[in-house]
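# Fold and contact review
One-letter residues, chain by chain:
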Amino acid sequence: MDKFEIAVIPGDGIGMEVVPAAMRVLDAAADIHGGLSFEWTTFPWNCEYYLKHGTMMPDDGIATLRGFHQIFLGAVGMPNLVPDHVSLWGLLIKIRREMQQSVNVRPAKLLNGLTSPLRNPSAFDLVVVRENSEGEYSDIGGRIHQGSDEMAIQSAVFTRKGTERVMRYAFQLAEKRRKHVTSATKSNGISHSMPFWDEVFRDVLKDYPECATISHHIDALAAFLVMKPHAFDVIVASNLFGDILTDLGGAIMGSIGVAPAANLNVERTYPSMFEPVHGSAPDIAGKGLANPLGQIWTGKMMLDFMGYEELGNLVLDAMEATLAAGVKTGDIGGVSSTSEVTNTIIDYLRRRT
Ligand SMILES: NC(=O)c1ccc[n+]([C@@H]2O[C@H](COP(=O)([O-])OP(=O)(O)OC[C@H]3O[C@@H](n4cnc5c(N)ncnc54)[C@H](O)[C@@H]3O)[C@@H](O)[C@H]2O)c1
């Protein structure tokens, strides 16, 4: 029996509803498998915690998390209590950076039973692999002078190590999928970092001869993701380009409430962190209206990362069967509650055994 110790941070708002829902689904999946189990340890680190303790997590929070196999996170942020830059940088971004979660993975797939805002889309199933630790989101730069002389400089940082790492992850993922990697570039406009990005891409692709490749400028690629998302398999992108593309990926699926994400420490020296794309949705929190599918799909990604891909695929099948049966929350046109959707998914899983 493989036993996985998982640190759980439900966070704020609907995180406290969708995280327990997804834990129930993962426990049901583990029961069905019979060879794995989860030991969940929940940490109350959120904006309420900040109001009591003046910090989003204790000083030894990172050291504590290090002892777990993975981290399962809901959403962080309650802007009426704590400013977003304090809550996000004090917990989410701190964990991503200090645990070297340098690759961010976000799939976008046309799910059975879910209506995309695109008109008559062909079935698409793509994954954006985004560099998560450097690039345009480096903290290098500054501001000087006042008034009309005021200026700001922000430097982007692209290391060969970080660029190669994210590209190798993208190729290895593509080898297990449809063997096609698209590189998001902008070497026609950004004259140092993007030609470097292209050069590293050309070097790395030589090690993956089974994969076909193409490079697109990010502006054209954004348009293609709307016009022909079915043409893509794995897309590898820098931090900023990947950030923008993944929101677009979530949007063409039909709701931010279904979009999952993983922050991976690919070297596996630290735990990775699995969290949905959506935030804490204060407008619907506490009402049982939250769509749990993003969090559950995030759980499927955690199963995949731990080597249980078949079980992960079963969870995705159960989600699609639930959607196809019309059991949906309000954000995607249904009338079902968080727990009705969760129970239907679990029933489906149990029926499959
Ligand atoms: N990764 C994170 O922890 C994360 C990500 C994004 C935003 N946030 C934080 O969350 C807070 C709220 O941010 P926001 O309102 O901009 O974004 P949000 O994603 O929380 O909500 C945007 C809209 O989508 C809806 N929505 C989101 N998830 C849903 C779900 N699962 N089911 C049904 N509807 C859903 C909400 O009701 C809202 O109308 C802020 O504090 C923000 O900083 C955190």
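Bear in mind that the values here come from a model prediction, so they are computed numbers and not experimental data.

## Here we look at the overall build of the chain
Secondary structure summary: the chain contains 11 helices and 12 strands in total. In terms of overall dimensions, the chain is globule-like: its C-alpha atoms have a radius of gyration of 20 Å, near the 20 Å expected for 353 residues. Across its three principal directions, the C-alpha atoms of the chain cover 60 × 50 × 40 Å. Evaluated residue by residue, the chain yields a buried proportion of 46% over its 353 residues. For the chain, the proportion of contacts with a sequence separation of at least 24, taken over those separated by at least 6, is 75%.

## Points about the UniProt feature "domain: Isopropylmalate dehydrogenase-like" (unreviewed entry) in the chain
The feature "domain: Isopropylmalate dehydrogenase-like" (unreviewed entry), as annotated in UniProt, sits at residues 5–345 in this numbering. Counted over residues 5–345, helix gives 40% and strand 23%. Its end C-alpha atoms are 23 Å apart.

## Details of the packing of helix α1 (residues 15–33) against helix α9 (residues 293–305)
Look at α1 against α9: their axes get within 8 Å of each other, and the N-to-C directions meet at 45°. When the axes of α1 and α9 are compared, the pair comes out oblique. Our pair here, α1 against α9, has a crossing hand that is right-handed. Here α1 contributes Val18, Val19, Ala21, Ala22, Val25 and Leu26 to the contact with α9, which in turn contributes Gln295, Ile296, Thr298 and Gly299. Of the residues that constitute the contact of α1 with α9, the class distribution is 7 nonpolar, 3 polar and no charged.

## Examining the site of the ligand
The immediate surroundings of the ligand are formed by 24 residues, with Gly77, Gly257, His278, Gly279 and Asn291 found nearest. Here the shell around the ligand takes 3 residues from helix α4 (residues 84–98), the largest share from any one element. Partitioned by chemical class, the residues of the shell around the ligand number 12 nonpolar, 8 polar and 4 charged.

## A few points about unusual backbone geometry
Notably, Lys179 is not glycine yet its phi reads approximately 60°, a positive angle. Even without being glycine, Ala281 reaches a positive phi, approximately 40°. Relative to the helices and strands, Ala281 is located in the loop between β12 (272–276) and α9.

Rules used throughout
Residues numbered from 1 in each chain as written. Predicted model: local features only at pLDDT ≥ 70, side-chain atom pairs only at ≥ 80, totals over all residues. Helix = DSSP H or I, 4+ residues; strand = E, 2+ residues; numbered from the N terminus. Rg over C-alpha atoms; globule rule 2.2 N^0.38 Å. Buried ≥ 20, exposed ≤ 12 C-beta atoms within 10 Å, placed from the backbone. Contact = placed C-beta atoms within 7 Å. UniProt positions renumbered as here; feature names shortened; annotations may be inferred. Axes fitted to C-alpha atoms, helices over the stretch in contact; angles between N-to-C directions. Parallel < 35°, antiparallel > 145°, perpendicular 65-115°, else oblique. Left-handed = near helix turned anticlockwise from the far one by under 90°. Nonpolar A, V, L, I, M, F, W, Y, C, P; charged D, E, K, R; others polar. Near = placed C-beta within 6 Å.

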